[in-house]
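Structural overview
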Amino acid sequence: MKKFRMPTAYTILFVLLILVAAATWLIPAGSYEHGEDGAPAAGTYHQVEQQPQGPGDVVLASFEGFYDAVDVAVFILMVGGFLGVVMRTGAIDAGVSNVIRLLGGREIWLVPALMILFSLGGTSFGMWEETMAFYPLLVPVFVSAGYDALTGVAVVLLGSGAGVLASTVNPFATGIAAGFAGVSLGDGLGLRLLMLVVFDAVAIWYVTRYAVKVRRDPSRSLVADISFRHGGEERKGGEPPALTGRRKAVLVVFTLTFLVMIYAVIPFDDMGLPIPALGWWFPELSGLFLLAGILAGLIYGMGELEIVEAFVAGAADLIGVAFIIGISRGITVLMDGGRITDTVLYWGEQALEGAGSVVFILLVFLIYLPLSILIPSSSGLATLSIPLLSPLGSFAG
């Protein structure tokens, strides 16, 4: 009997596209009246002419999703190119081996330290897409330290995820939602801080427990049957490269690049802080990683051809991620094309009407589970849903 094999992310996404297209034939098309800020007005929902999406729309949705997500996709490729150049210099391997030597058997402290840092990014400015840059960096670190690739993935994913879930001062989620709800960003801050501490503690305990188990017995790794590859070649043992002066300089550029990225995307002005805000987003960040990659290559003494080859090879390593981002955006394209996005919101509005406070909270949670999949942007989800749900929350007490 043939063993079941989980289909790839691409297959799963295409199946979802087909299901969403089928839903446009079954779910009534509808629309709210929207204000200048794009927010739907409660009580204005009305049905419109059905716009069912066919096989051709399913195929084109992925391409339109790419057009919508081209800024994110290009950013991912630029990060891949930057990492390709840095990895070619050997600076990361040299730095990692040096850190592991200094820790002297205490590498497990990397888990809580890094998860707290990612959590702070998630809770302050919604660090999520930006974490894509850290996966190809940290996975080799944890593999070299005696853990597995999944440990590195979990540190980034659960660390930033715990922060985004609490979103204490995240202007793109809590800030937008608070604005539409007519409340201050500071309302409920104490509870969100408590949530952040609890979520962080649980996530760190979970990942640390798994990491310790894997290091003691590598066969217990959930990815034990998968060989770890980076940069197109399987990692092998041997003497790590020496941490020379040029490699130290490359590591300085590497560190400063990520610090600049984090600073540049935090909207200090929206948070009421007297700190200059750069207001950068994916186009500016893409340029940052492009220039940083060139600078790292020049510092190490690489020639023009070698820099270009390393950059292109690094970008190729992450092209699969860019594909997934574009295809997933096609779900929103099909929903909007079929005019069913507002209908789904309207059903949520109807389900919550007249509910008591406890029932209201539980229903809102259940409604947001599918909505957060169909509308993956936190700012877009807040803009579409909060103007409808906020008045209903007041009625429910």
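Each remark here, short or long, concerns the structure printed above.
A brief report on the enclosed structure follows. (Residues numbered from 1 in each chain as written. Predicted model: local features only at pLDDT ≥ 70, side-chain atom pairs only at ≥ 80, totals over all residues. Heavy atoms only, no water.)

Side note on the overall build of the protein chain
As a reminder of what qualifies: Strands are runs of DSSP state E lasting at least 2 residues, helices are runs of H or I lasting at least 4, and numbering of each runs from the N terminus. Within these notes, the globule rule equals 2.2 Å times the number of residues to the 0.38 power, and the radius of gyration is based on C-alpha atoms. The rule is simple: take the accessible area with a 1.4 Å probe, protein chains only, and divide by the maximum for that residue type; under 20% is buried, over 50% is exposed, in between is partly exposed. Here a residue-residue contact requires only that any non-hydrogen atoms of the pair lie within 4.5 Å. Calculation of accessible area relied on Shrake-Rupley with a 1.4 Å probe; when residues are assessed, cover is drawn exclusively from the protein chains displayed.
Per the secondary structure count, the protein chain includes 16 helices and four strands. In terms of C-alpha radius of gyration, the protein chain reaches 23 Å, essentially the compact-globule figure of 21 Å for 397 residues. Overall, the C-alpha framework of the protein chain stretches about 65 × 50 × 50 Å when taken along its three principal axes. With 397 residues in all, the protein chain has 43% of them scored as buried. Residue pairs in contact within the protein chain that sit at least 24 positions apart in sequence constitute 77% of those at least 6 positions apart. When the accessible surface of the protein chain is totalled, it reaches about 20600 Å², and 67% of it is carbon and sulfur.

Quick notes on the packing of helix α14 (residues 341-352) against helix α15 (residues 357-374)
Stated formally: Lines fitted to the C-alpha atoms define the axes, with helices restricted to the stretch that makes contact. Angles between their N-to-C directions range from 0 to 180 degrees. Should an angle fall under 35 degrees it is called roughly parallel, over 145 degrees roughly antiparallel, and 65 to 115 degrees roughly perpendicular, with every other angle called oblique. In a left-handed crossing the near helix is turned counterclockwise from the far helix by less than a right angle, and in a right-handed crossing that turn is clockwise.
Here α14 crosses α15 at 170 degrees, and the two axes come no closer than 10 Å. Considering the angle they form, α14 stands roughly antiparallel to α15. The hand of the α14/α15 crossing is right-handed. Taken together, the residues of α15 that come into contact with α14 (itself represented by Val344, Leu345, Gly348, Ala351 and Leu352) are Phe360, Leu363, Val364, Ile367 and Leu371.

So, a nonpolar patch on the surface
Which entries qualify depends on this criterion: Exposure above 30% relative accessible area and the absence of a salt bridge qualify a residue for a patch, where like charges join within 9 Å and nonpolar side chains (Val, Leu, Ile, Met, Phe, Trp, Tyr) within 5 Å. Every case where a carboxyl oxygen of Asp or Glu lies within 4 Å of a side-chain nitrogen of Lys or Arg is listed as a salt bridge.
On the surface, a nonpolar cluster with roughly 570 Å² of combined accessible area is contributed by Leu165, Leu191, Leu194, Val198, Phe199 and Val202. The greatest single-element share of the nonpolar patch, amounting to five residues, is contributed by helix α9 (residues 189-216). Residue placement: Leu191 occurs in helix α9. Assessed through its relative accessible area of 56%, Leu191 is described here as exposed.

Some thoughts on the environment of Gly337
With respect to the helices, strands and loops of the structure, Gly337 is situated in helix α13 (residues 319-337). For the pair Gly337 and Ile327, spaced 10 residues apart in sequence, the C-alpha to C-alpha distance is 15 Å. Discounting chain neighbours no more than four positions away, the residues touching Gly337 are Gln51 and Gln53.

Notes on unusual backbone geometry
Despite not being glycine, Ser167 has its phi angle at roughly 40 degrees, a positive value. Following the sequence through the fold, Ser167 ends up in the loop between α7 (149-166) and α8 (171-181). The phi dihedral of Arg339 falls on the positive side, at around 60 degrees, and the residue is not glycine. Inspection of the secondary structure puts Arg339 in the loop between α13 and α14.

Structural notes on the packing of aromatic side chains
This is how it is decided: Paired rings are identified among Phe, Tyr and Trp, the last through its six-membered ring, by centres lying within 6.5 Å, and are further divided according to the angle between planes into stacked (under 30 degrees), edge-to-face (over 60) and tilted (the rest).
Scanning the entire structure with this criterion turns up eight aromatic pairs. Summarising the aromatic geometry, the rings of Phe75 and Phe282 are spaced 5.2 Å apart at their centres and angled 50 degrees between planes, so their arrangement reads as tilted. Of this pair, Phe75 sits in helix α3 (residues 70-89) while Phe282 is found in helix α11 (residues 282-300), placing the two residues 207 residues apart along the sequence. Here the two residues Phe75 and Phe282 agree in accessibility, since each one is buried. Measuring from ring centre to ring centre gives 5.8 Å for Phe82 and Phe254, while their planes differ by 10 degrees; the resulting arrangement is stacked.

Don't take any of this as a statement about function, it's just geometry.
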